[in-house]
Amino acid sequence: MNLSELNKVATAMVAPGRGILAADESTGTIKKRLDAIGVESTADNRRDYREMLFRSTEGMSKHISGVILYDETIRQNAKDGTPLVKLIEKAGSLPGIKVDKGTKPLPFCPHEVITEGLDGLRERLSEYRGIGAKFAKWRAVIDIGAKHVLPSYTCVKANAHALARYAALCQDEAIVPIVEPEVLMDGDHDIDRCVEVTTWVLKETFQELFYNRVVLEGMVLKPNMAVPGKKSPKRAAVQEVAEKTVRMLKACVPAAVPGIAFLSGGQSDEEATAHLDAINKLGDLPWRVTFSYGRALQAAPQKTWSGKTENVAAAQRAFNHRAMMNGLATLGQWKADLERKAA
Ligand code: 13P
């Protein structure tokens, strides 16, 4: 393993002012997104949509350090025949690839899932590396559930183990792993319950990473923030989210990890930006802290585009705007005023 190369890529992924665009929706998920804007989910339409994002020059070159792709996308060419991977590289961004195969029910653990995809992973990583992937992503999903019944020990342990096996394989194949243990925002739990479960999940994850000999300097962590469940009657202020998130992460994430890139997880665009900004405003963090957003970067351009050629420029402006807002948030320099001015 060439640790200095892995560390160089991981550091570039979390460079100041920049973050990651998660454009790795599976065929089923992207269909839902396209259905919502009245666009048929064909391979060409999926390509056109993503090509539009990757050609958003301003946002891509200044604020997007890397793009997570889906298997179909990493193999696609732009309309003019240029591989999409080359478009991303030309914009000064790193191509990455989602390598998990999604979730399946976990036996004897009702309502819980395990992420699959370890079989044949070494060979797939090696192929993706040949196509140009510099980093990979694997998402584990943990549900808090109602009445504090979940998660089960089985679910936390099995998912942490799979994440660590994946991360070790990535590093052995010269690819930087994004380790994503997502504690879902679904439910009516309060922020403190989110902290309690996320702390457990992160501790198990780093324990398994250690047992599997993953080198922390050559990975990026993609966690959820400490937030209340979507249906919780007890909302949390931006400052409370920032302080509880940082306290939780400091207790769980070794300083050897170069960077943390949050998922947005169903927060609104502006919430995701405001929270990231408040976290960075706290300062004195042992790691770089940035974004790896899917919905919070794409909801606005998707709506603006709605599948119409005449909307492409406006959709790219919407994407550039979100990329810039989140870029500022990585520096703790975002202000709500900047959103109003753009509106
Ligand atoms: P969201 O930001 O929409 O949660 O997506 C990020 C992601 O890549 C989830 O795996």
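Up top is the structure these notes are about.
These remarks concern the structure in this document. As the structure is a computational prediction, the values presented were derived from the model and not from experiment.

**Quick notes on the pairing of strand S6 (residues 135-142)**
Here comes step 1: In terms of burial, S6 is a largely internal element, seven of the eight residues being buried.
Here comes step 2: In this sheet, S6 lies alongside strand S3 (residues 94-98) in parallel orientation, the contact comprising three bridges. Counted as the bridge partner of lysine 98 is lysine 137 from S6.
Here comes step 3: Two elements, S6 and strand S7 (residues 176-183), share eight bridges in a ladder whose sense is parallel. When the sheet's bridge partners are listed, isoleucine 142 is paired in S7 with valine 183.
Here comes step 4: Regarding the hand of the β-α-β motif, the stretch spanning S6, helix H8 (residues 153-172) and S7 is right-handed.

**Considering the sheet that holds S7**
Here comes step 1: Pairing is parallel around the closed barrel formed by eight strands, whose spatial order is S1-S2-S3-S6-S7-S8-S9-S10.
Here comes step 2: Strands in contact with helix H11 (residues 269-282) are strand S9 (259-262) and strand S10 (288-293); relative to S10, the strand with the most contacts, it is inclined by about 170°.

**A closer look at the site of the ligand**
Here comes step 1: Close to the ligand lie 13 residues; Lys137, Lys222, Ser264, Gly265 and Arg295 are nearest.
Here comes step 2: At 2.5 Å, a side-chain N or O of lysine 137 approaches an oxygen atom of the ligand.
Here comes step 3: A distance of 2.7 Å separates an oxygen atom of the ligand from a polar atom in the backbone of glycine 265.
Here comes step 4: Calculation on the ligand without its partners gives an accessible area of 300 Å², and the protein chains cover 92% of this total.
Here comes step 5: Residue assignment for the shell around the ligand shows that the elements contributing at least two residues are S6 and S10.

**What about the packing of helix H7 (residues 121-131) against H8?**
To describe two helices that pack against each other, one gives the angle between their axes and the distance between the axes.
Here comes step 1: Interhelical geometry of H7 versus H8 gives an angle of 45° and a closest axis separation of 10 Å. By the angle class used here, H7 and H8 are oblique. In the crossing of H7 with H8, the sense of the turn from one axis to the other is right-handed. Taking contact as the criterion, the partners of Leu121, Arg122 and Leu125 in H7 are, on H8, Tyr166, Leu169, Cys170 and Asp172.
Here comes step 2: Tallied by class, the residues present in the contact of H7 with H8 amount to five nonpolar, no polar and two charged.

**Things to note about the environment of isoleucine 20**
Here comes step 1: With respect to the element layout, isoleucine 20 can be found in strand S1 (residues 19-22).
Here comes step 2: On the basis of relative accessibility, which here comes to 0%, the residue isoleucine 20 falls in the buried class.
Here comes step 3: Taking the C-alpha atoms as reference, isoleucine 20 lies 16 Å from proline 301; in sequence the two are 281 residues apart.
Here comes step 4: The contacts of isoleucine 20, once residues within four sequence positions are left out, are Met13, Ser65, Gly66, Ile68, Phe135, Ile178, Ala261, Phe291, Ser292, Tyr293 and Leu297.

Parameters at a glance
- Residues numbered from 1 in each chain as written.
- Predicted model: local features only at pLDDT ≥ 70, side-chain atom pairs only at ≥ 80, totals over all residues.
- Heavy atoms only, no water.
- Buried < 20%, exposed > 50% of the residue type's maximum accessible area, 1.4 Å probe, protein only.
- Helix = DSSP H or I, 4+ residues; strand = E, 2+ residues; numbered from the N terminus.
- Pairing = 2+ DSSP bridges.
- Right-handed = clockwise from strand over helix to strand, strands pointing away.
- Contact = heavy atoms within 4.5 Å.
- Axes fitted to C-alpha atoms, helices over the stretch in contact; angles between N-to-C directions.
- Near = heavy atom within 4 Å.
- Polar contact = N/O pair within 3.5 Å; in protein donor to acceptor, adjacent residues only side chain to side chain.
- Areas by Shrake-Rupley, 256 points an atom, 1.4 Å probe, with all protein chains shown as cover.
- Parallel < 35°, antiparallel > 145°, perpendicular 65-115°, else oblique.
- Left-handed = near helix turned anticlockwise from the far one by under 90°.
- Nonpolar A, V, L, I, M, F, W, Y, C, P; charged D, E, K, R; others polar.

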